[in-house]
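Reading the structure
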Amino acid sequence: SSGINAEWPLRPGEMVKNSQICTLLDTRQQNDTMRQNVELNKFRSEQQTAASRREFDLYDPESKKKDQPARVSDDDPRCQVSGLQLFQGEDLSAKERKKLQQEQMREWIKQQLSEKNREKEASMHAETLYQRKMMQLDQRAVLLAKEEDECRRNLNVATKSYNAALDAERKAKEAIDKQKELDDNFTELSNQVYGDTLTENPGVAQSSFGGHRVITDRWKGMSDEQKVEIMRIREEQQAEKQRKTEEEKELQKEYERSQLLQANAAILMEREMNRKAAEIEKKIAEENMRLQKEQKDTLTKLAKEVYTNPPTDAYFTQFNTGTR
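What you see is a predicted model; the values in this text were computed from it and never measured.

1. Overview of the overall build of the chain
- Secondary structure assignment for the chain yields seven helices and two strands.
- Order of helices (α) and strands (β) in the chain, N terminus to C terminus: α-α-α-α-α-β-β-α-α.
- The buried share of the chain, taken over its 324 residues, is 6%.
- Sequence-distant contacts, at least 24 apart, represent 44% of the contacts inside the chain between residues at least 6 apart.

2. Description of the side chain of Glu287
- Relative to the helices and strands, Glu287 resides in helix α6 (residues 224-306).
- Among the residues examined, Glu287 registers a relative accessible area of 15% and is labelled buried.
- Aside from chain neighbours lying at most four places away, what touches Glu287 is Lys133 and Leu137.

3. Considerations on the layout of surface pockets
- In this structure, the largest pocket spans a volume of roughly 570 Å³.
- Lining the largest pocket are 20 residues, with Asp184, Gln237, Glu240, Lys241 and Lys244 sitting closest to its centre.
- Elements supplying a minimum of two residues to the lining of the largest pocket: α4 (94-194) and α6.
- Here the element with the most residues in the lining of the largest pocket is α6; it accounts for 11 residues.
- Partitioned by chemical class, the residues of the lining of the largest pocket number two nonpolar, six polar and 12 charged.

4. What about the pattern of salt bridges?
- All chains considered together, the criterion is met by 23 salt bridges.
- The shortest N-O distance in the salt bridge between Glu150 and Arg153 comes to 2.6 Å. Residue Glu150 and its partner Arg153 are located together in helix α4, separated by three residues, close to a single helical turn.
- The exposure class assigned to Glu150 is partly exposed, which follows from its relative accessible area of 38%.
- Residue Arg153 is classed as partly exposed on the basis of its relative accessible area, which comes to 45%.
- When the shortest N-O distance is used, the salt bridge between Lys244 and Asp184 registers 2.4 Å. Taken together, the residues span a long stretch of sequence, with Lys244 in helix α6 and Asp184 in helix α4 at a distance of 60 residues.
- On the basis of relative accessibility, which here comes to 27%, the residue Asp184 falls in the partly exposed class.

5. Quick word on the packing of aromatic side chains
- Inspection of every chain in the model, using the stated rule, returns one aromatic pair.
- Relative to Tyr59, the ring of Phe56 has its centre 5.6 Å away and its plane inclined at 80°; by these criteria the two rings are edge-to-face.

6. Observations regarding the confidence of the model for the chain
- Considering every residue of the chain, the mean pLDDT works out to 83; 86% of them sit at 70 or more.
- In this model residues 1-7 is a low-confidence stretch, pLDDT under 50, and it forms zero contacts with partners more than four residues away in sequence or in other chains.

7. Things to note about the side chain of Gln262
- For Gln262, the position within the fold is in helix α6.
- Relative accessible area serves as the criterion here: at 16%, Gln262 is assigned to the buried category.
- Those residues in contact with Gln262 that lie beyond four places of it in its chain are Thr159, Tyr162 and Asn163.

Conventions adopted
- Residues numbered from 1 in each chain as written.
- Predicted model: local features only at pLDDT ≥ 70, side-chain atom pairs only at ≥ 80, totals over all residues.
- Heavy atoms only, no water.
- Helix = DSSP H or I, 4+ residues; strand = E, 2+ residues; numbered from the N terminus.
- Buried < 20%, exposed > 50% of the residue type's maximum accessible area, 1.4 Å probe, protein only.
- Contact = heavy atoms within 4.5 Å.
- 1 Å grid on protein atoms, 1.4 Å probe; cavity = no way out; pocket = protein on both sides within 12 Å on 5 of 7 lines; lining within 4 Å.
- Points joined across faces, edges and corners; volume = space filled by probe spheres on them.
- Nonpolar A, V, L, I, M, F, W, Y, C, P; charged D, E, K, R; others polar.
- Salt bridge = Lys/Arg side-chain N within 4 Å of Asp/Glu carboxyl O.
- Phe/Tyr/Trp six-rings, centres within 6.5 Å; stacked < 30°, edge-to-face > 60°.
- pLDDT = per-residue confidence, 0-100.

Below is the structure:
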């Protein structure tokens, strides 16, 4: 033993450590034992109760309360004549039957109220959808009317501007033609006054006393050249007048053509407006037909799927038919 002690010397720190380990193991063993006792008592209190014993029915304090009554119902086979438990004319289930009937009546009333509320909500929802759709259609119609008024207003403004431009062009043309006619008349007058026709200034009748004097006894009238010149000027004037007449005719034709084009444009625009109005009316009619079909389908669905079990006269005639 001296050899062992010399080989394994015990130090104070190791002794304290071993003591602590032993204390911890002892404490753990006590805790485990306590926990096992607690679980054992819990199992006994939950699983091994007095009611689970085989002889518990012999000393059960609630045995009379748990026992089956002498009479359960009218058709109880234990109710014999000698038992005096069943008598003719008794109605022991009257209270339960009345209670069941009241519950059934209450459920029927609840179902009727629920169906009525659902019908009312569906009707209100359909009316709301219809009003909303009509409001949208009215807003769309107002918008289309505004657009139509704006288009008509723009057309009137364009027509007025075009007419004003044509009127200004016509007035300018008339002023130019009038000024030209005045100039031509003044030129013609000057030619007539200062020309050789009225002054009678042939070369042979020139006086030696000046160019403004003629020798009357030598003047033989106008020469052929003067006559030819007069005829030429006359023809030029006729041609100029014919040209002016043709120009006025062309201008009048152009003005009439412009008026015809403007009238055709107005007719086309009016037709387009009528076509748009017809399309709007057609769309409104189609929308009304669709709304009518939706409402009809909703009513048909309510009639075929929701209100499928209406009470008949037989339901109302079953009440108040007896003394009870």
